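Structure assessment
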Amino acid sequence: MRHRHLCTLALALGVTVLLDVLRVWLPSVITLFGRAAETPAELLGAFALGWFVLALAAPGLVRRLGVRPVGLAAAGVLAAVRLLLTAGPGGTAQLWLACAGLLAGLVWLAATAALVDRPVAGLALGLAGNAVGHALLGTEDLVWRGGVLGWSLSVPLVLAFLAAAGLAAARRPGMPSAAPTPGPVSPDRFGAASEPVRETPPVAAGRRAWLLCGPALLLANQIALAPAVWSAAAGTGSPDFPGLARPAVPVLGGYAVLLFLAAVLLRMPTRLARVLWPVALVAGAVLFAAGRLVPAYLLTAAGLGGCLALTDSATDDAVPGADPDGRAAARRGRAAVVGMLVFAVATVAYYAAYDLGYPNGWVPVVAAVLVALVAFTGPPWSAPTLPDPARTWLLLGLTASAGLGTHLHAPPSEPRPGGPPGTVRVTAYNIRMGFGIDGRLDLDAVARQLRGADVVLLSEVDRGWWLNGGHDTVALLAGRLGMPYVFAPAADPVWGDAVLTRFPVRSGRTRPLTAHGAPTGAQALGVTLDLGGRELAVVATHLQPPPGRDPVEQAREVAAFASEYAAGRPLVLGGDLNTEPDDPAFAEFTRAGLVDALAAARPLRTSPADDPRAQIDHVLVSPGLTAAEVRAPRTEASDHLPVTLTVTLP
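Described in the following lines is the structure provided in the data block. (Residues numbered from 1 in each chain as written. Predicted model: local features only at pLDDT ≥ 70, side-chain atom pairs only at ≥ 80, totals over all residues. Heavy atoms only, no water.)

**A look at the environment of Leu276**
Inspection of the secondary structure puts Leu276 in helix α13 (residues 270-289). We classify Leu276 as partly exposed; its relative accessible area is 37%. Linking Leu276 and Ala302, residues 26 residues apart in sequence, is a C-alpha distance of 9.5 Å. (Helix = DSSP H or I, 4+ residues; strand = E, 2+ residues; numbered from the N terminus. Buried < 20%, exposed > 50% of the residue type's maximum accessible area, 1.4 Å probe, protein only.)

**A look at helix α4 (residues 67-86)**
Look at α4: 28 Å from first C-alpha to last across 20 residues, which is about the 28 Å you get at 1.5 Å a residue. Of the positions making up α4, those classed as buried are Val70, Gly71, Ala74, Ala75, Leu78, Ala79, Val81, Arg82, Leu85 and Thr86. Buried positions in α4, seen along its axis, are confined to an arc of 160° and lie on one side of it. (Expected span 1.5 Å × (residues − 1). Arc of directions from axis to C-beta.)

**A word on the pairing of strand β10 (residues 617-621)**
Most of β10 sits out of view: five of its five residues are buried. Residues Asp617, Val619 and Val621 of β10 are buried on one face, and the alternating residues His618 and Leu620, pointing to the opposite face, are buried as well. Bridge count for strand β8 (residues 571-576) against β10 is five bridges, and the pairing is antiparallel. Considered in β10, the bridge of Gly574 is made with Val619. Pairing geometry for strand β9 (residues 595-596) and β10, over two bridges, is antiparallel. Note on β10: the bridge partner recorded for Asp596 is Leu620. (Pairing = 2+ DSSP bridges.)

**Examining the packing of aromatic side chains**
Under the criterion given, the structure shown has 17 aromatic pairs. Look at Trp25 and Phe52: their rings are 5.7 Å apart centre to centre, the planes differ by 70°, and that puts the pair in the edge-to-face class. Of this pair, Trp25 sits in helix α1 (residues 3-33) while Phe52 sits in helix α2 (residues 41-54), and the two are 27 residues apart along the sequence. For Phe52, a relative accessible area of 1% corresponds to the buried category. Note on Phe343 and Trp466: the rings are 6.4 Å apart at their centroids and 65° apart in plane angle, and the pair reads as edge-to-face. In this pair, Phe343 is assigned in helix α15 (residues 327-356) and Trp466 in the loop between β2 (455-462) and α19 (473-481), connecting sequence segments 123 residues apart. (Phe/Tyr/Trp six-rings, centres within 6.5 Å; stacked < 30°, edge-to-face > 60°.)

Have a look at this one:
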């Protein structure tokens, strides 16, 4: 393998390993350091950003000690942390291991930037490869799985990364990481660069590409190359389900990978590309902010790939001895770390809005504009670093794998109606996106609490929040339980509430709730279940109280919505209501004629799960329905306890 291709392979594998660590680090900061919003958002943000600020010293360290020793040492730490996290330590050990892995990954990135002046192919393949792996695994990372599957795939990945990084760092001093491309470049059969390639100063090209590493990582994992977002966007709305996402196979997910890689690896005339790709990227980010997920991720994928390609230019660094003092290499290292700092600031700014209450749709738009400006003002691109056959097979192979992954994890089919049951087993559970008290994603533990239920009402359901690792939690649980689901967004299009049920769902409606000063959005989801000729109305919600207040106004809205939606049918309402039985908000439900189904078992404390003190998770029913077998089983699979009961129909 040629050295420049070895550097591309090492970078792609390293990006994949770093993303795996990030998928643990991000939720660990929230669940372990943040302790379910107990830590002020400002302190949590400072803690998260501090690691990226600390990494600003990495380029100086690389220049002082050398690329090889620093890069190899950082790669070793990153690889070791990746395997240690697979062992599932949980708790404080998980948090600090993930922090160490993140810092090592940033140092490795700075060292790699000093070594590689044309990183676009490696970055793109790393982002696309990670997305394909995530899709093939149903959006559940190997690092959380452990077991035979987790170890049998994690160990070869880490060893391949270490081998590629070691061989790439061992190349002879002065050997170029990319072959110079003097003179005009004739178009290949993909339409690769058809314009003369002009030599550019070292500061112009390599540094631009590395600067986009962080913003590209954010846009890829939040929008364009996020399999959970593909799944959430594939809902099949109908007149009976306005605005609701029902389970469907996300067939368009593979097209996102195809568009992204085609834009990176296949070149069009520069003048057209300078306009088309930046416009597509910004348009995709704007559509994402507006909640239009399908066109958002398709346009963002194409635009992001094209903008990365626009920064892929050969430099004078490609000539041996052109950078004797290492200044250009140091500039590339600084650009890589600054780009990752932009990633961190944008990530914190976007998700802190759900604690602080400001609009956050501008964050991905600003990141897209930054990428577009860097790409638009860059020098002319050079011929792709990968040869023609490699581009062909990578494009076809990764696209086909992404499409396969979306079909392997199709949601359960619609159940068939059976005979009318006399009782219905109901469970209401705030699952905190599937993360337990120990900070680990353990959907098997969550599923164990839900088995045996006929109707499941879930709060804090995540369908692709990058902050939580980008998992489609509701689809993963539905697959484990074999139950179809209906999802309704609340805070944004991929975070909200869901109903899983073994009964056919005949109709549904959702209503956004007024914020009344609360920073996080809320909604009420109503679905009608067919119980073999009889109908049961179910309403799932998660009230969001304004700071220091009881959610009285939202409770009144939900009670009115539930009464109107039920229209005289038997009704079950439940979820995390964030109010105690003696509070005014709870009285709004009883005032509307609903009955506390958990009354006979009270006090029934459900939060926090490791030391329950508050009764804030509830189930209420319409008069005529009776409740029995009420329990709140002890478990630390979330920061709440589930409430389960058997409802007897009249």
